[in-house]
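Coordinate analysis (summary)
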Amino acid sequence: MSFLKTTLANPISAEPHSLMLENGVNLELLETGVLRVSPARQGDYRIVISCGIHGNETAPIEMVEKIFSEIKSGKLTVTNELLLIIGNPPAANQAVRFIDENLNRLFSGKHQSSSTKEARRAKLIEDHVAEFYQQGEESRLHYDLHTAIRGSELEKFAVYPYLHNRDWPKTQIAFLERCGLEAILLSTKPAGTFSYFTSTQFGADSFTIELGKVRKFGDNDMRNFADAMQGLRELISGQEDFSSELKSIQVFSVVEEVIKRSEALKLHVADDAKNFTAFPKGSLLASDEGYEYRTQQDGERFVFPITNIPIGQRAMLVVAPTIL
Ligand SMILES: [Zn+2]
């Protein structure tokens, strides 16, 4: 059995079934693209690893499939509770980001005002994650793996969802650095993302992780993801204790969230400009009806620019270096 093939062959739903491995690890398919892995003994963490929340982001899906196959063959020891999720199987089958709307804007109940395929999927994922986290007292972790549409000056980076009154834990960020991430971006506002949902609702240490550029299934050079794979293996097998120190990872904070106000929105960045391109103070980055954004200091950078989105959604983030 392949988690990926089974998921793509049953994109809408799947019969729950389970399989006990010789080493006592239990694999349980709860719904299509939602797989529970239970170790024989209880560990310290309860970990969600998700991928394919955007259907065309294949490298993370291939990573999760590899983790699954290593667990199934017994090569990878499991000592922590694990939930593996392939987010949007119908979109993955069509090699598109989404079918009706962006799944990663629909969490924290935002799906309630929509009736699209993605809205139903967001609700289903929320329910499975809630059940998983609430079954034990272990520390909660969530790594939501993505790849980006455009190139990036800093290829691998994580978005830390807004934590409200909680502090940014340096040990979590140090773990991400060991996973090969070059930068971390600290959010300053609530969002409809999957990682904000698990962070806020369950107090998980949650991250949206960008691992490089979008490519088709089979076109990913998995050597690019070796450090991240190794980090996840150590986490799953219980070797990771979050004791490393920060080294040189760059830390940014969001200084402006550009929201699409009207069809007049224009982002003043080149189509082929890379994420994290730095601009001098005073550069015009976005304009819209009654709005413009000029950089307030040297070295501000843009991330995730997109204009073909509904009015009211985020068109771009502007970030600036900060210290933890
Ligand atoms: Zn994505």
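Since the model is a prediction, treat every value here as computed from it, not as a measurement. (Residues numbered from 1 in each chain as written. Predicted model: local features only at pLDDT ≥ 70, side-chain atom pairs only at ≥ 80, totals over all residues. Heavy atoms only, no water.)

Examining the overall build of the chain
Applied cut-off: Numbering of helices and strands runs from the N terminus, with a helix taken as a DSSP run of H or I at least four residues long and a strand as a DSSP run of E at least two residues long. Restricting the calculation to C-alpha atoms gives the radius of gyration, and the globule rule supplies 2.2 Å times the number of residues raised to the power 0.38. Categorising residues by exposure relies on relative accessible area from a 1.4 Å probe, with only protein chains included: less than 20% of the type maximum marks a residue as buried, more than 50% marks it as exposed, and the intermediate range marks it as partly exposed. Throughout, the Shrake-Rupley method with a 1.4 Å probe supplies accessible areas, and for residues the shown protein chains are the sole cover considered.
On a plain count of helices and strands, the chain comes out with seven helices and 16 strands. In terms of C-alpha radius of gyration, the chain reaches 19 Å, essentially the compact-globule figure of 20 Å for 324 residues. Expressed as lengths along the three principal axes of its C-alpha atoms, the size of the chain is roughly 65 × 45 × 40 Å. For the chain, with 324 residues in total, the buried portion stands at 57%. About 14200 Å² of surface is accessible on the chain, with carbon and sulfur atoms providing 46% of the total.

Things to note about the layout of surface pockets
For the record, the criterion: Here the term cavity refers to a set of points on a 1 Å grid, laid over the protein atoms alone, in which a 1.4 Å probe fits but cannot get out; the term pocket refers to an open set having protein on both sides within 12 Å along at least five of seven lines, with lining residues being those that place an atom within 4 Å of a point. Grid points are joined across faces, edges and corners, and a volume is the space filled by probe spheres set on the points. Note on residue classes: Ala, Val, Leu, Ile, Met, Phe, Trp, Tyr, Cys and Pro are nonpolar, Asp, Glu, Lys and Arg are charged, and everything else, Gly too, is polar. Where each domain starts and ends comes from a domain assignment, either automatic or drawn from a database.
Approximately 880 Å³ is the volume found for the largest pocket. Lining the largest pocket are 44 residues, with R97, R105, F304, I306 and R314 sitting closest to its centre. Considering only residue class, the lining of the largest pocket consists of 18 nonpolar, 15 polar and 11 charged. When residues of the lining of the largest pocket are assigned to domains, at least three fall in each of domain 1 (3-237) and domain 2 (256-319).

Let's talk about the coordination of the zinc ion
Put simply, the test is: Donors, by definition, are the N, O and S atoms found within 2.8 Å of a metal, the threshold being 3.2 Å for Na, K and Ca, and water is not counted, so a site can look incomplete. Square planar and octahedral sites, with four and six donors, are those where opposite donors lie more than 155 degrees apart and all other angles lie between 65 and 115, tetrahedral sites have four donors with every angle between 85 and 135 degrees, and the rest are irregular.
For the zinc ion, every protein donor is listed as H54 (ND1), E57 (OE), E57 (OE) and H146 (ND1), and the spread of their distances is 2.0 to 2.3 Å. Each of the four donor atoms bound to the zinc ion contributes to angles spanning 58 to 145°, and the resulting shape is irregular. Between the donor residues of the zinc ion, the gaps in sequence give the motif H-x2-E-x88-H. Placement of H54 in the loop between strand 4 (45-51) and helix 2 (58-72) and of H146 in strand 6 (residues 139-148) is noted, with a sequence separation of 92 residues between them. The class of H146 is buried, set by a relative accessible area of 1%.

A few points about the packing of aromatic side chains
Each aromatic ring pair is specified by the distance between its two centres and by the angle formed by the two planes. So the rule is basically this: Between 30 and 60 degrees the pair is tilted, below 30 it is stacked and above 60 it is edge-to-face, where a pair is any two Phe, Tyr or Trp rings, Trp via its six-membered ring, whose centres lie within 6.5 Å. Note on criteria: charge over ring means Lys NZ or Arg CZ within 6 Å of the ring centre, with the direction from the centre no more than 35 degrees off the ring normal.
Evaluation of the coordinates by the stated rule reveals 16 aromatic pairs. On the basis of an interplanar angle of 40° and a centroid distance of 5.8 Å, the ring pair of F157 and F304 is categorised as tilted. Here F157, found in strand 7 (residues 157-160), pairs with F304, found in the loop between strand 15 (300-303) and strand 16 (314-321); they are 147 residues apart in sequence, far enough to count as distant. We classify F157 as buried; its relative accessible area is 1%. Relative to F202, the ring of F197 lies with its centre 5.5 Å away and its plane at 85°, an arrangement referred to as edge-to-face. Here F197 and F202 have matching classes, each one buried. Stacked on the ring of F132, the Lys or Arg R46 has its end atom at 5.2 Å from the ring centre.

Looking at helix 7 (residues 226-237)
The cut-off we apply is this: Given a helix with a known number of residues, its expected span is that number minus one, times 1.5 Å. Contact criterion: two residues are considered in contact whenever any of their non-hydrogen atoms come within 4.5 Å of each other.
In a regular helix each residue adds 1.5 Å, so 12 residues correspond to 16 Å; helix 7 covers 16 Å between its end C-alpha atoms and thus fits that length. Within helix 7, nine of the 12 residues are buried, leaving the element largely enclosed by the surrounding structure. For helix 7, every residue scored as buried is listed here: A228, M229, G231, L232, R233, E234, L235, I236 and S237. Structurally, helix 7 contributes buried residues whose contacts are with strand 4, helix 2, strand 5 (81-86), strand 6, helix 5 (170-178) and strand 9 (205-213). Remark: G238 follows helix 7 within two positions and exhibits a positive phi of approximately 90°.

Things to note about the packing of helix 2 against helix 7
What counts is decided by this rule: The axes are straight lines fitted to the C-alpha atoms, using for helices just the contacting stretch, and the angles between their N-to-C directions are given from 0 to 180°. Any angle that falls under 35 degrees is termed roughly parallel, while one over 145 is termed roughly antiparallel, one within 65 to 115 roughly perpendicular, and all others oblique. Crossing chirality is assigned from the near helix's rotation relative to the far helix, an anticlockwise turn below a right angle marking it left-handed and a clockwise turn marking it right-handed.
For the pair helix 2 and helix 7, interaxial distance at closest approach is 11 Å and the crossing angle is 40°. Judged by the angle between their axes, helix 2 and helix 7 are oblique. Seen from above, helix 2 lies across helix 7 with right-handed handedness. Contacts between helix 2 and helix 7 involve M63, K66, I67 and E70 from the first element and A228, M229, L232, R233 and I236 from the second. Of the residues belonging to the contact of helix 2 with helix 7, the class tally is six nonpolar, no polar and three charged.

Observations concerning the sheet that holds strand 13 (residues 284-288)
Quick reminder of the rule: For two strands to be treated as a pair, DSSP must find no fewer than two bridges joining them.
Across the sheet, which stays open at both edges, the three strands sit in the order 11-13-14 with antiparallel pairing between neighbours. Where the open sheet ends on each side, the last strands, each with one partner, are strand 11 (266-267) and strand 14 (291-294).

Concerning the pairing of strand 14
The alternating pattern of strand 14 places Y291 and Y293 on a buried face and E292 and R294 on a face that is not buried. As judged from the four bridges shared by strand 13 and strand 14, these two strands associate in the antiparallel manner. Bridge pairing in strand 14 places S287 opposite E292. Counting the residues between successive antiparallel strands, the hairpin from strand 13 to strand 14 contains two residues, one of them, G290, with a positive phi of roughly 70°.

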